[in-house]
Amino acid sequence: MKKTIYSFYLIIGLCAIAFSAWGQVNQPVYGQNITVQVTDLQKFYDMGGSANTAPDCQETDMINDCWSKVTLCSGGNIVCVTFNSMTFNAGGFDNLIVRDGDALGNILGNTTLNGSGDFPDGTTFTSSAPSGCLTFEFHANSIGLAGDWDATIRVKTTGRDDNSPPCNLVCNDHVNASMPADPGCYRTFQAEDFLQNPDANCTYTVALSYPYGTVAGNGTDVNRSQIGYTFVYSVRLTDGSNNSCWGYVTVEDKAPPQAFCKDRTLTCFQVAKINDERFLN
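The structure reproduced in this document is the subject of the present report. (Residues numbered from 1 in each chain as written. Predicted model: local features only at pLDDT ≥ 70, side-chain atom pairs only at ≥ 80, totals over all residues. Heavy atoms only, no water.)

Taken together, the five strands give an open sheet; going across it, the order is β2-β4-β9-β6-β7, and neighbouring strands pair in mixed fashion. Bordering the open sheet on either side are β2 (33-37) and β7 (107-110), each of which pairs with just one other strand. Across the sheet, the mean angle separating the axes of adjacent strands is 20° when strand polarity is ignored. (Pairing = 2+ DSSP bridges. Helix = DSSP H or I, 4+ residues; strand = E, 2+ residues; numbered from the N terminus. Axes fitted to C-alpha atoms, helices over the stretch in contact; angles between N-to-C directions.)

This paragraph deals with the pairing of strand β5 (residues 78-87). Bridge count for β5 against strand β10 (residues 148-156) is nine bridges, and the pairing is antiparallel. Residue pairing in the sheet places Ser-85 in a bridge with Asp-150 of β10. Here β5 pairs with strand β8 (residues 123-126) via four bridges, running antiparallel. In the strand pairing of β8, Val-81 is matched with Phe-125.

The next thing to look at is the pattern of salt bridges. Counted under the stated rule, the structure contains four salt bridges. In this structure, the salt-bridge partner of Arg-99 is Glu-137, at a minimum N-O distance of 2.6 Å. Of the two residues, Arg-99 is situated in strand β6 (residues 95-100) and Glu-137 in strand β9 (residues 134-139); the sequence distance between them amounts to 38 residues. Here the two residues Arg-99 and Glu-137 agree in accessibility, since each one is buried. A salt bridge links Arg-187 to Asp-193, with the nearest nitrogen and oxygen atoms 3.8 Å apart. The exposure class of Asp-193 is partly exposed, given its relative accessible area of 28%. (Salt bridge = Lys/Arg side-chain N within 4 Å of Asp/Glu carboxyl O. Buried < 20%, exposed > 50% of the residue type's maximum accessible area, 1.4 Å probe, protein only.)

Moving on to the state of the cysteines. Think of a disulfide as a covalent bridge from one cysteine sulfur atom to another cysteine sulfur atom. Following the criterion strictly, the structure yields two disulfides and no others. Each sulfur of the disulfide joining Cys-73 and Cys-133 lies 2.0 Å from the other. Looking down the S-S bond of the Cys-73 and Cys-133 bridge, the torsion is 115°, so its handedness is right-handed. On the criterion of sequence distance, the pair formed by Cys-73 in strand β4 (residues 67-73) and Cys-133 in the loop between β8 and β9 is long-range, its members being 60 residues apart. A sulfur-sulfur separation of 2.0 Å characterises the disulfide bridge that pairs Cys-171 with Cys-245. (Disulfide = S-S within 2.5 Å.)

Scanning the entire structure with this criterion turns up 11 aromatic pairs. Pairing Phe-194 with Tyr-233 gives two aromatic rings, centres 3.9 Å apart and planes at 15°, and the pair type is stacked. On the criterion of sequence distance, the pair formed by Phe-194 in the loop between β12 (187-188) and β13 (204-208) and Tyr-233 in strand β15 (residues 230-237) is long-range, its members being 39 residues apart. Three or more aromatic residues link up through ring pairs in this structure, and these residues are Phe-44, Phe-83, Phe-119, Phe-125, Phe-136, Phe-138 and Trp-149. (Phe/Tyr/Trp six-rings, centres within 6.5 Å; stacked < 30°, edge-to-face > 60°.)

Written as structure tokens, this is what we have:
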């Protein structure tokens, strides 16, 4: 096993200006339908903010049907929201709907349809929309304070889980590679040909060190001139970490022998010529 280097990544939350000085995101007031760009680890509250004093729906708000909508996006990254706590008015009059993507996206959650009338602590919604956004529609009644919630926003830069292992590299020490049986005798290598632990979520580049005197390719392919040689290969991550590993590859031709026969017509008086025909091209 050759030089294997590991990388570890730390997800760092950054604060951005949203609806408050602390970078938190609040549900907008009744009648508003807005889009907000969010960052990892921001807090998401009802319209009352962290004080949990969301105003009730007054008579003056009834013209807007007491609805407000906010779409949380992060520049094409994947937005996730986890509800740490939620307290809605008894009777299910307050209602929060979560949609995948924009305000017309598929419904991922609806407190009215939930048996408890709210989302249980720890409930998480993850966008699967191309935009990576989540939309929250809130409807309150006109009696008493509106429902409160405390949630945390997470942002994923890829489809990988935040707790997924990093893209580690473990190269095989020695790889015996057979050439295809086609007449071209040509093969292109992928990282999967050399790695013990290829990860579909990681991207790699392959480089071959061609033996002296052979016909060099583009760095990932071999031809008939490399048959019988053992030389060095390397695999490198393309995530900016520059991590790599290496080993040896031996190129072999294990295709079975092929007989090249030609038709000849001989009379019974030409038997002596059979041996001569064997050497004709």
